[in-house]
Amino acid sequence: MNQQTILLEDGWNKLKVGGVQKIEEILEDMQGGVYKNRISTDEYSQLYTMVYTMCTQKPPNNWSEHLYNNYCEAVKDYLTARILPRIKEKHDESMLRELVRRWENHKLLIRFLSHVFKYLDRFYVKRLSLPELSEVGSQNFHDIVFNAVKREVRTAILELIRRERECEIVDKKLIKEVVEIFVEMGGSRNSLEVYVTDFEEQLLSTTADYYSRESAKWCEKDSFPEYMRKAEDRLKQEQERVTHYLHSSTEEKLLKVCEEQLLQGPEQSLLEKENSGCEVLLLDNKTDDLSRMFRLFSRIATGLPPIGNIVRKHITDVGLQLVKKQSSTADTDLMPYVQELLDIHDKYTDLVGTGPEKGCFQGHTIFHKAMKEAFEVFVNKDIGKTSTAELLSNFCDNLLKKSGERLSDEALEDKLEKVVRLFSYLSDKDIFAEFYKKQLAKRLLLARSSSDDAERSMIAKLKLRCGAQFTSKLEGMVTDMNLSSDIQSAFNDYVRDKDVKLDTDLTLQVLTTGFWPTYKSDELNLPTEMLQCITTFKAFFDQRHSHRQLRWVHSLGSATVLGTFSPGGKVKKHDLMVSTYQACVLLLFNSQDSYTFDEIQQHLNLPVEELKRYMMSLAGGAKGKVKILTKTPANGDVSATDVFAYNSSFTDRARRIKVPMIAAKITQEEKDSTRATVDEDRKHAIEAAIVRIMKTRKSLDHQKLVLEASTQLMRHFKPDPKQIKKRIEDLIHREYLERDSNNANLYKYLA
């Protein structure tokens, strides 16, 4: 049985009336999402079958092309005649609601019709590569409705956003739905071009204008901290705005615009605000405001360097004020000054922070650099004639010696770490090293060190900062002390095995000359009791080390001498803890009860000024505390004819008595001597660096050689270019280098 052919006009009329117009009416009558009428399944089935039949009839009755064109025209007519006028007759929020309702209805209409005309999409559209029916529907809405009202729509949305910024309550859901229409107008390719061009660009422009006005207003009336609180709050609001109703791609651009207007533009005037700017926040230690400042200005590329400059200047000013205050009292004890430096460093280390979420500036490199540059300025200022390098060494000595500051192991370790951090700012680290070496030597040799572990820890910290070469001598000194204890044990075994009877117990430290400070040799005439010990040890040492020579340094030695006294006719004994020189003086009084100063000097052959100090210490000194000897006349000066006698009536409650030395003040000459040693070492260091560089490079011009040598030496001291030039001339004279015959500025290495 042949199926009856459907003519175009008949078929289209049925589709138009039963499908297109009917769904239009249903959508028009819909209220609150509830449909008054519906298309039944049978009706839908008949419409679909009609399209199928009209598209599968044989030519000339195949109406695929006509149906596609008629569908397009029907949608256009519907949009032009019904939708656009309804939207245009309304304004502001009413217009937006109408637009949202009409767009939702349009999507339902297109979805229904796309199902009815599905057969067209599957075969005709695909074969001819035409736009799909749903795409045609969306494009028509864009061209006919959206383009006609987009300006008014955009103006209405931007007005709602402005009102919300002014703290009015607005319909966020409505804004979101309208914004989504701008996004959906990009079509099936999910392009954001329409959204960006027709809405986002204008949004960013109005936002910039709005916050430009707000910023100017706040700048005029608010303090810097108040301004920052408002700015931070507004940035947070804008972020939430994106979450509530804007496309996520807008967030970065929107915040950038806000940051430019609220932060970047007015930054300098905000930072320099009178009575509340960055400098005032630092002075008043307003950590919350400083943290907020960092959070805000780290959002913009150029935000932190200006703050870094202010922080550097502030720390420099604080440090220089401390130096100035201390310089006016340079003759007093300077240890509190070092502690103040450490306290300042602690304060600004906490401020800058050591990493993310720590400190106001979260450990940012700009602020670490600012702090480093600031400290380098004032830490390298001398207090009177005393350099900070020397002061730091004295401070360490005070921490590490037994008679110094009493601290727990953890507190000592912590304080040493802080000192080393301060030390890292010194430009003349080698001066610190020279003073430190001399003080370490005294602590080790006189057994004044409070803790071997602390000594090793400090050396390890310095090694970490400056390298193995810097601490090689310090490590050698500690090693010598350990080896000395082994040699001592071996010597005790030797004495026992050889059955040598020594009148005196002997403890020695054998030191490697290259590691230790240079000590003056003396021509001390030792008493017989001591001479026997030294002769025995020399025999033992020569037997073990045939090629090593012993040089005796008595100035740092110590002894315990048994003194017998008879106060009130009763015999009383005391263990007198004295230096080697003091012991030599006391042992003379075993032969006779009194000597003139001149006689003692001739017996011992000690320098006169040195001996005066030792004699005064045994005669009770200026304060007359321990009077083992009596002096005639009893005044504070010592002359050649003064008589010193054994004080048989000396007494003390303690059995063991430490006889204090009258300390020789560290004279400026000794400090100058240390500086001279450093200067001499620097000459060798500069020459070594130049030779190393030239050996590698073979030839190099003057400027580059000076620069490379300075860079290499910077780790230990700041070299003077004039000094480098002088050393180059000396090396040329000694034929390590030569000048190029054609270019006097070019040096060549001579192998």
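Structural notes, computed from the coordinates. What you are looking at is a predicted structure, and each value in this text was computed from that prediction instead of being measured.

Calculation criteria
Residues numbered from 1 in each chain as written. Predicted model: local features only at pLDDT ≥ 70, side-chain atom pairs only at ≥ 80, totals over all residues. Heavy atoms only, no water. Helix = DSSP H or I, 4+ residues; strand = E, 2+ residues; numbered from the N terminus. Contact = heavy atoms within 4.5 Å. Pairing = 2+ DSSP bridges. Axes fitted to C-alpha atoms, helices over the stretch in contact; angles between N-to-C directions. Expected span 1.5 Å × (residues − 1). Buried < 20%, exposed > 50% of the residue type's maximum accessible area, 1.4 Å probe, protein only. Polar contact = N/O pair within 3.5 Å; in protein donor to acceptor, adjacent residues only side chain to side chain.

## Comments concerning the environment of Lys 273
Okay, so step 1: With respect to the element layout, Lys 273 can be found in the loop between α11 (267-271) and α12 (278-283).
Okay, so step 2: When near neighbours in sequence (up to four residues on either side) are disregarded, Lys 273 contacts Cys 219, Asp 222, Ser 223 and Phe 224.

## Side note on the sheet that holds strand β6 (residues 656-658)
Okay, so step 1: Strand order in this open sheet of 3 strands is β1-β2-β6, and the pairing throughout is mixed. Each of the sheet's edge strands pairs with one partner strand only, and the pair in question is β1 (558-565) and β6. In this sheet, adjacent strand axes meet at a mean angle of 30° when their direction is disregarded.
Okay, so step 2: Here strand β2 (residues 572-579) pairs with β6 via 3 bridges, running parallel.

## Concerning helix α20 (residues 452-466)
Okay, so step 1: End to end, α20 covers 21 Å across 15 residues, agreeing with the expected 21 Å (1.5 Å per residue, within 8%).
Okay, so step 2: Along α20, the residues that are buried comprise Ala 454, Glu 455, Ser 457, Met 458, Ile 459, Lys 461, Leu 462 and Cys 466.
Okay, so step 3: Contact partners of the buried residues in α20: α17 (388-400), α18 (409-423), α19 (429-445) and α21 (468-498).
Okay, so step 4: The N-cap of α20, judged by a side-chain oxygen 3.3 Å from the amide nitrogen of Asp 453 a few residues on, is Ser 451.
Okay, so step 5: Phi turns positive, to about 95°, at Gly 467, one or two residues after α20.

## Some remarks on the sheet that holds strand β7 (residues 699-701)
Okay, so step 1: If you walk across this open sheet you meet the 3 strands as β7-β9-β8, and the pairing is antiparallel. Here the strands that pair on one side only, and so sit at the sheet edges, are β7 and β8 (737-739). Each adjacent strand pair in this sheet contributes to an overall mean axis angle of 30°, direction not counted.
Okay, so step 2: Inspection of the sheet shows β7 paired to strand β9 (residues 746-749) by 3 bridges, in the antiparallel sense. Bridging from a neighbouring strand, Leu 700 pairs with Tyr 747 of β9.
Okay, so step 3: Packing of helix α27 (residues 702-713) onto the sheet brings it into contact with β7 and β9, and relative to β7 it is tilted by some 95°.
Okay, so step 4: In the packing of helix α28 (residues 721-733) onto the sheet, the strands contacted are β8 and β9, and the crossing angle to β8 comes to about 100°.

## So, the pairing of β1
Along any regular strand, the residues point their side chains to alternate faces of the sheet.
Okay, so step 1: Note: β1 against β2, 8 bridges, orientation antiparallel. Each bridged residue has a counterpart across the sheet, and for Ala 559 the counterpart in β2 is Val 578.
Okay, so step 2: Linking two consecutive strands that pair antiparallel, namely β1 and β2, is a turn of 6 residues; a positive phi of about 65° is found at Gly 568 within it.

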